[in-house]
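Residues per chain, in single letters:
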Amino acid sequence: MNLPETTRKRVVIIGAGFAGISLAKKLRRLPVQVVVIDKHNYHTFQPLLYQVSTGGLEPDSIAYPIRKILKKLHNFYFRLATVNKINPELKEVHTDIGKISYDYLIIATGTRTNYFGNTEIQENAMSMKSVPQALNIRSLMLQNFELADNCQDLEERKALLNFCIIGAGPTGVELAGAFAELKKHVFPKDYRHLNIDEMEIHLFEGADVVLPPMSAKASEKATKFLENFGVHLHLNTIVKGYNGDLVKMDNGEEIRTRNFIWTAGVTGAAVEGLSSDALIKRINRFKVDRYNQILGHANIFAIGDIAYMETEAYPKGHPQMAQPAIQQGELLAMNLGRLLKGGSMKPFVYRNKGNMATIGRNKAVVDLPGIEFGGFFAWFIWMFVHLMSLVGFRNRVIVFFNWVYNYINYDKAARLIVRPFRTRI
Ligand SMILES: Cc1cc2nc3c(=O)[nH]c(=O)nc-3n(C[C@H](O)[C@H](O)[C@H](O)COP(=O)(O)OP(=O)(O)OC[C@H]3O[C@@H](n4cnc5c(N)ncnc54)[C@H](O)[C@@H]3O)c2cc1C
């Protein structure tokens, strides 16, 4: 790679998500050369992807150019590249644009969608891990509404207007709530000649509750909100297959849909090349110690969703959420500073700042340590936290004004098919 030679130690960060960016920002005062590599030239604020999918926000209000984040930091370099392999013996990272050597390597590659080996579902499902995927869902939804408006066959029309979301974690619940809002406030005005009751939203979950990672109170409240919205809940139900038209469930039931969105799980976006002991194959995550150092690899660290760290408080690892990723990035920056001075590192202790999900206008559930609540106040907190967590002042202003506009007008204005999605059927 074309990078200047330096006498400083080189820190290479793979991935500019929550973990990679929080680390990079905190490295600015250290005497190191920092190279950030990502396969996208922007940072994605994944918690608001569902609003892009459902026309509530434009994609560029939840993404931010990585070069802009790094522009005021000296000795920082960005390379748009996909990392394919690491060679720990030679201390090299192999990418699709060339090799780069490192003194310290930080893997912050996050996760990708997990289809649990079901190739039929993988081939036919829509997933929502990136901006292009969120835009695909938006296009498909609008394309199917256009087809339905012109369709005389009732069964075919119903398949076009059925929305099946698999996985009732925060992403699935938020998506279901957003589709329900479109059904209630937006689509009846756009498609005046369609019977909007033909649009159905189905949410499938293998567990016996929605929002399984949250408190019982949050699950109960979210269930009530979703039911009031007319969302069909299929709890204790495993979706076994989807061929592009027919959803097959483990209880033998079937349902037709052209909108099948898979939010049922993630697996680590691990990079090849490290020792087999370092990777937990079942979850594709790197096993790290309390300093985020990958087991058996002295100068290689993993942070964020890709890292698996067991502690007394979190014997099954930390939740795969933004906060652990941010906190690990910040601590690692401090620890690298200590290492450079010949000091010892501080172990990671997660400060749980809570968990939340919104189910639409005025409705959200919040679990904070020691207190759980739902309703309008929770929704207000949800909005405030998400707004303040966005990268960049411009994005915060744009999202704020979009939300105010959508709230006052009962609208979701980004209903454009700018890049049609080609379905297999
Ligand atoms: C739809 C959705 C909603 C979510 N909602 C919430 C929420 O409300 N609250 C919450 O706390 N968390 C939420 N999460 C989880 C949260 O987004 C993640 O926990 C967080 O992004 C993890 O940060 P990370 O830095 O580890 O990984 P990521 O943010 O995923 O970043 C990984 C980066 O690595 C890059 N990358 C990956 N592989 C390579 C490679 N081989 N070469 C180069 N670059 C690579 C990617 O392009 C990406 O930029 C949500 C996630 C999703 C998908």
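Let me begin by describing the structure that accompanies this report.

Rules and cut-offs
Residues numbered from 1 in each chain as written. Predicted model: local features only at pLDDT ≥ 70, side-chain atom pairs only at ≥ 80, totals over all residues. Heavy atoms only, no water. Helix = DSSP H or I, 4+ residues; strand = E, 2+ residues; numbered from the N terminus. Expected span 1.5 Å × (residues − 1). Bend = angle between axes of the 7 residues up to and from the residue. Patch = residues over 30% accessible without salt bridge, like charges linked within 9 Å, V, L, I, M, F, W, Y side chains within 5 Å. Areas by Shrake-Rupley, 256 points an atom, 1.4 Å probe, with all protein chains shown as cover. Salt bridge = Lys/Arg side-chain N within 4 Å of Asp/Glu carboxyl O. Lys, Arg positive; Asp, Glu negative; His and termini not counted. Charge placed at Lys NZ, Arg CZ, Asp CG, Glu CD. Contact = heavy atoms within 4.5 Å. Buried < 20%, exposed > 50% of the residue type's maximum accessible area, 1.4 Å probe, protein only. Axes fitted to C-alpha atoms, helices over the stretch in contact; angles between N-to-C directions. Parallel < 35°, antiparallel > 145°, perpendicular 65-115°, else oblique. Left-handed = near helix turned anticlockwise from the far one by under 90°. Nonpolar A, V, L, I, M, F, W, Y, C, P; charged D, E, K, R; others polar.

What follows concerns helix α7 (residues 170-190). Over its 21 residues, α7 runs 28 Å from end to end, which matches the ideal 30 Å to within 8%, given 1.5 Å per residue. If you look at α7, its biggest bend is around 45 degrees, right at Lys 183.

What follows is about a positive patch on the surface. A cluster of basic residues, Lys 25, Lys 26, Arg 28 and Arg 29, forms a positive patch at the surface. Checked against the element boundaries, Arg 29 lands in the loop between α1 (18-26) and β2 (32-38).

As a further point, take the side chain of Gln 51. Here Gln 51 is to be found in helix α2 (residues 49-53). The contacts of Gln 51, once residues within four sequence positions are left out, are Gly 56, Leu 57, Trp 382 and Trp 403.

A cluster of nonpolar residues, Phe 376, Phe 377, Phe 380, Phe 400, Phe 401, Val 404, Tyr 407 and Ile 408, forms a patch on the protein surface that exposes about 820 Å² of accessible area. For the nonpolar patch, the secondary-structure elements that each account for two or more residues are α10 (376-389) and α11 (393-409). Top contributing element to the nonpolar patch by residue count: α11, with five residues. On the secondary structure map, Ile 408 appears in helix α11. On the basis of relative accessible area, Ile 408 is assigned to the exposed category, the value being 59%.

One side chain can pair with another of opposite charge once the charged atoms of both are near each other. Scanning all chains against the criterion turns up nine salt bridges. The shortest N-O distance in the salt bridge between Arg 157 and Glu 198 comes to 2.8 Å. Linking Arg 157 in helix α6 (residues 154-161) with Glu 198 in the loop between α7 and β12 (200-204), this pair joins segments that are 41 residues apart in sequence. Each member of the pair, Arg 157 as well as Glu 198, is classed as buried. Ionic pairing is found between Arg 415 and Asp 411, a salt bridge with its closest N-O pair at 2.8 Å. Here the residues in one salt-bridge network are Glu 156, Asp 245, Arg 256 and Arg 258, joined through shared partners.

What follows concerns the packing of α1 against helix α9 (residues 322-340). Where α1 meets α9, the closest approach of the two axes is 7 Å, and the angle between their N-to-C directions is 30 degrees. The pairing of α1 with α9 is recorded here as roughly parallel in orientation. Along this stretch, α1 crosses α9, giving a crossing that reads as right-handed. Only Ala 322, Ala 325, Ile 326, Gly 329, Glu 330, Leu 332, Ala 333 and Leu 336 of α9 make contact with α1, whose side of the interface consists of Phe 18, Ala 19, Ser 22, Leu 23 and Lys 26. Residues that form the contact of α1 with α9 fall into these classes: nine nonpolar, two polar and two charged.

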